[in-house]
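Given next are the chains, with one letter for each unit.
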Amino acid sequence: MTLAIIVHGGAKTISEDKVAANKAGCLAAVEAGWAVLTKGGTAAEAVEAAIRVLEADQTFNASLGATLNSEGEVELDAAIMEGATLGWGAVAAVQGVRHPISVARKIMDEKPRFLVARSAERFAAENGLEMCKKEDLIADEQWHEWKEEQEVLDRPNTVGCVALDANGILAAGTSTGGTTGQLAGRVGDSAVIGSGLYADGKLGACSTTGDGESIIPVVLAKTAIDFLNGDRHPDEAAQMAINTLKSKVKGEAGCILLDHQGRVGWAYNSQDMACGYMTTGQDKPAVFTKKEASTAPVLV
Ligand code: GLY
């Protein structure tokens, strides 16, 4: 029985003073998801648990701490997918919802499975999910950057998680506040199955981060999973997916990937990417904000 979980806190530039917070946030998310897996929970439950931690952490662009749109408001997108059944749920452009990933997971059993804006918010409220005032999700730093039109140094970008449970089932989830100053109502890749995330019954599962307008046309998550064919290592497949993006479109992106053996992979073409993972066989989680020879997964 191999268990595995990998999270990302976004492909972005991470200034020196934010490295510790990014690592701490990824570690806490890995630990939350790992606790679910080791107690026999499902991959989807682990993904939800890990992403809820990242959504509650102002360091990351998801829910509290999300970047603000053209109207100075937070609008959130999230989705989750499970490989065995190809079940999925997604919400976009929601406000006043503390954990969009939980709304996405709740909607997995429903039809329609992709709700936006007021419909998604109504669904969340009717299903007893945690609501708040839309202003409650605006973090001080994001507000000052927006109000003073400050240059955004640490370009914020998306969180995600992929997990493999004791039944060999994979799930992936992604949650975001979108891009800084985005037009109200814009929706990127994060809630789009195939682009922002995908989970396959045979090959693997993937969550992505980066410029939605670049990720969508290369269907980045599904592209990365397809590269797992022929037993390719996920780290190589992740890099090939990012290379594909670079060769076809402009833009920054990253992805995290697990295969059915619980092998991990991650790649990005931004300056940094916050990432953490834990698998059966590791004695403690690994967390990074950069991939270097010393932090790359060993290809076995
Ligand atoms: N990847 C986040 C977005 O483009 O909305």
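Above: the structure in question.
Right, let's walk through the structure included here. The numbering scheme is per chain: residues are counted from 1 as the chain's sequence reads. Per-residue local features are limited, in this predicted model, to residues with pLDDT of at least 70; the limit for side-chain atom pairs, both in listing and counting, is 80 or more; totals at the level of whole chains, interfaces and linings are taken over all residues. Based on all heavy atoms of the structure, the side-chain values leave hydrogens and waters out of the count.

**Some words on the nonpolar core**
As a reminder, the rule being used: Throughout this description, the term nonpolar core refers to a set of buried Ala, Val, Leu, Ile, Met, Phe, Trp, Tyr and Cys residues connected via side-chain atoms within 4.5 Å. Only protein chains enter the area calculation, which uses a 1.4 Å probe; residues under 20% of their type maximum are buried, those over 50% are exposed, and those in between are partly exposed.
Ranked by internal contacts, the top residues of the largest apolar core, which has 42 residues, are Ile6, Val162, Leu220, Leu257, Leu258 and Trp266. Val30, Val36, Cys161 and Ala274 belong to the second largest nonpolar core, which has 30 residues in total.

**Points about the site of the ligand**
Under the convention used in this document: Nearness is judged by heavy atoms alone; a residue qualifies as near a molecule or strand once a single heavy atom is within 4 Å of it. Throughout this description, a polar contact denotes any pair of N or O atoms lying within 3.5 Å of each other; where both atoms belong to protein, one of them has to be capable of donating a hydrogen while the other can accept it, and for residues adjacent in sequence the pair is counted only when both atoms sit in side chains. Here the open area of atoms and residues is found with the Shrake-Rupley method and a 1.4 Å probe, where only the protein chains shown may cover a residue. Charged means Asp, Glu, Lys or Arg here, nonpolar means Ala, Val, Leu, Ile, Met, Phe, Trp, Tyr, Cys or Pro, and polar covers whatever is left, Gly included.
What surrounds the ligand is the set Asn157, Thr158, Thr176, Gly178, Thr179, Arg186, Gly188, Asp189, Ser190, Gly210 and Gly212. Residue Gly210 places a main-chain N or O atom 2.6 Å away from a nitrogen atom belonging to the ligand. Note that an oxygen atom of the ligand is positioned 2.9 Å from one of the backbone N or O atoms of Gly212. Against a free-state accessible area of 200 Å², the protein chains account for coverage of 100% of the ligand. Tallied by class, the residues present in the shell around the ligand amount to no nonpolar, 9 polar and 2 charged.

**Section: the pairing of strand 6 (residues 170-176)**
The condition that has to hold: Each helix is a run of DSSP H or I of at least 4 residues and each strand a run of E of at least 2, with the numbering of both proceeding from the N terminus. Two strands pair if DSSP finds at least two bridges between them.
Most of strand 6 sits inside the fold, with 7 of its 7 residues counted as buried. Side-chain alternation along strand 6 places Leu170, Ala172, Thr174 and Thr176 on one buried face and Ala171, Gly173 and Ser175 on a second face that is also buried. The pairing of strand 2 (residues 76-82) with strand 6 spans 6 bridges and is classified as antiparallel. Residue pairing in the sheet places Ala78 in a bridge with Ser175 of strand 6.

**What about the packing of aromatic side chains?**
Here is the rule: Between 30 and 60 degrees the pair is tilted, below 30 it is stacked and above 60 it is edge-to-face, where a pair is any two Phe, Tyr or Trp rings, Trp via its six-membered ring, whose centres lie within 6.5 Å. In this analysis the charged atom, NZ for Lys or CZ for Arg, is taken to sit over a ring once it is within 6 Å of the ring centre and within 35 degrees of the ring normal.
Under the criterion given, the structure shown has 4 aromatic pairs. With a centroid separation of 6.4 Å and an interplanar angle of 90°, the aromatic rings of Trp88 and Phe114 are classed as edge-to-face. Residue Trp88 is found in strand 3 (residues 87-94), and its partner Phe114 is found in strand 4 (residues 114-116); the two are separated by 26 residues along the sequence. Judged by relative accessible area, Trp88 falls into the partly exposed class, the value being 26%. On the basis of an interplanar angle of 45° and a centroid distance of 6.0 Å, the ring pair of Tyr277 and Phe288 is categorised as tilted. With Tyr277 in strand 11 (residues 272-279) and Phe288 in strand 12 (residues 286-288), this residue pair connects regions lying 11 residues apart in the sequence. Just above the ring of Tyr198 sits the side chain of Lys222; from NZ or CZ to the centre is 5.7 Å.

**Quick notes on unusual backbone geometry**
It is generally the case that most residues other than glycine have a negative phi and that most peptide bonds are trans. Cis geometry marks the peptide bond from Lys111 to Pro112; its omega dihedral reads 5°. For Pro112, the position within the fold is in the loop between helix 3 (100-106) and strand 4. A positive phi angle, near 55°, is found at Ser63, a position not held by glycine. When you line up the elements, Ser63 lands in the loop between helix 2 (43-55) and strand 2. Notably, Ala117 is not glycine yet its phi reads approximately 45°, a positive angle. Inspection of the secondary structure puts Ala117 in helix 4 (residues 117-126).

**Focus: the pairing of strand 2**
Extensive coverage of strand 2 is indicated by the burial of 7 of its 7 residues. Of the two faces of strand 2, the one carrying Leu76, Ala78, Ile80 and Glu82 and the one carrying Asp77, Ala79 and Met81 are both buried. Where strand 2 and strand 3 come together, 6 bridges link them in antiparallel fashion. By the bridge assignment for strand 3, Met81 is matched with Trp88. Connecting strand 2 to the antiparallel partner strand 3 that follows it, the hairpin turn spans 4 residues, and Leu86 within it adopts a positive phi of roughly 60°.

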